[in-house]
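Residues per chain are reported as follows:
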Amino acid sequence: MEAAGDHEVPSGPLAVRWLAYELPAVRAGALAAPRVALENAGTAEWTPTGPRRVCLAYHWLDELGNPIVWDGLWTALPHEVPPGGRVEAELTLRGPIPPGRYRLAIDLVAEDRYWFSEVGNVPLERQVPVAPRIERRALAVRGADAGALEDLDEPVVAEEDAEAIAYLAPGCVPAADWSRLVLDAHSEGYAAVGGSIAAAGGLLHRAPRSLAPWSPGSGRNPGFAHPLLCPSVVLEVEPEWAAAVEGLPALRPPAAEPWLYDGRIEIRARPRSGRPRG
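Residues numbered from 1 in each chain as written. Predicted model: local features only at pLDDT ≥ 70, side-chain atom pairs only at ≥ 80, totals over all residues. Heavy atoms only, no water.

Ranked by size, the top nonpolar core spans 40 residues in total, and within it Cys172, Trp178, Ile197, Trp214, Leu229 and Leu248 carry the most contacts. When contributions to this core are tallied by element, the ones reaching two or more residues are β14 (139-142), β15 (164-167), α1 (178-188), β17 (192-199), β18 (228-229), β19 (232-234), β21 (248-251) and β22 (259-269). In this structure Trp178 touches Leu139, Val141, Leu152, Ala166, Leu168, Ile265, Glu266 and Ile267, once residues within four positions along its chain are discounted. Ala4, Leu14, Tyr21 and Val130 belong to the second-largest nonpolar core, a separate cluster that totals 30 residues. (Core = buried A, V, L, I, M, F, W, Y, C linked by side-chain atoms within 4.5 Å. Buried < 20%, exposed > 50% of the residue type's maximum accessible area, 1.4 Å probe, protein only. Helix = DSSP H or I, 4+ residues; strand = E, 2+ residues; numbered from the N terminus. Contact = heavy atoms within 4.5 Å.)

Laid out in structure tokens, this is it:
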């Protein structure tokens, strides 16, 4: 671990002295596990449980110190820390979206009271380069018809070479910019990405009403209330599937990972014949 260096430490019940830290590589939207060593320099014991627990947490700031992500994930201390006691702990941290240069501010928080930085303490701040979530722009596809992927802006790859996998179905033809937009979103930090479905109609078939929520024409919708159809998912996330919609694979948006619905990411889907339409 690297020494934290000298810094001002206030007097009073809640005071922290940062001793050392270890920062791993951070990817946008992904979890990382930095380590810190710190000392209870105050007069009050730090307890890891109960209504007055003390936790490690963090903020992501821009280079001017403005908050980009305030109040990140909390990590309980591994044990009680009396005044003068020291502790080493591993934080659970999620990288900010999008990638870029940020300041990471690690702080302590006393639940239902305040951040230690609000009572005179100095947070542990360091410049952190945040890399794209996927190391390579490499997308594989399952379930597509032969020839459906020939005109993509960015060609797909074999699964053994992929960073993410998209799940299509027979009759699905992605727009030319589909692979590029999906890879852009994964690089930005999103673990799961879904877009709109342009259902083909015509003399014999009309577009099913059940696909109306996924109609093209919208942009990003962070409050999208439906499954992601024909989604793409990064390899480290296990998909949780919902019931298929008109034969199209449907992903429940992951509760613990950043995800994205963007109506500009478009797939044309041919309705199946011989089925009742609602």
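Now that the structure has been shown, we can carry on.
We now examine the sheet that holds β21. With antiparallel pairing, the three strands of this open sheet are ordered in space as β18-β21-β20. For this open sheet the edge positions go to β18 and β20 (241-245), each flanked by a neighbour on one side alone. Of the strand pairs in this sheet, β18 and β21 are connected by two bridges, and their pairing is antiparallel. Paired with Leu229 across the two strands is Ala250, which belongs to β21. (Pairing = 2+ DSSP bridges.)

Time to look at the pattern of salt bridges. Opposite charge on two side chains makes pairing possible when the charged atoms of those side chains draw close. One pass over the full model with this rule turns up 20 salt bridges. Salt-bridge contacts for Glu236 lead to Arg27; the nearest nitrogen and oxygen are separated by 3.6 Å. One end of the pair, Glu236, is in the loop between β19 and β20; the other, Arg27, is in strand β3 (residues 26-27), with 209 residues separating them in the sequence. For Glu163, the salt bridge is made with Arg136, and the minimal N-O distance between the two is 3.2 Å. In this pair, Glu163 sits in the loop between β14 and β15 while Arg136 sits in the loop between β13 (124-131) and β14, placing the two residues 27 residues apart along the sequence. The class for Glu163 is buried, based on a relative accessible area of 15%. Connected through salt bridges with shared partners, the residues Arg27, Arg94, Arg133, Glu236 and Glu257 form a single ionic network. (Salt bridge = Lys/Arg side-chain N within 4 Å of Asp/Glu carboxyl O.)

The side chains of a regular strand alternate, residue by residue, between the two faces of the sheet. Here β17 lies mainly inside the structure; seven of its eight residues are buried. Judged from the two bridges that link them, β17 and β19 form a sheet pairing that is antiparallel. Looking at β19, one finds that Ala192 is bridged to Val233. As defined by bridge partners, β17 adjoins β22 across eight bridges and the pair is classed as parallel. Along β22, the bridge assignment pairs Ile197 with Ile267.

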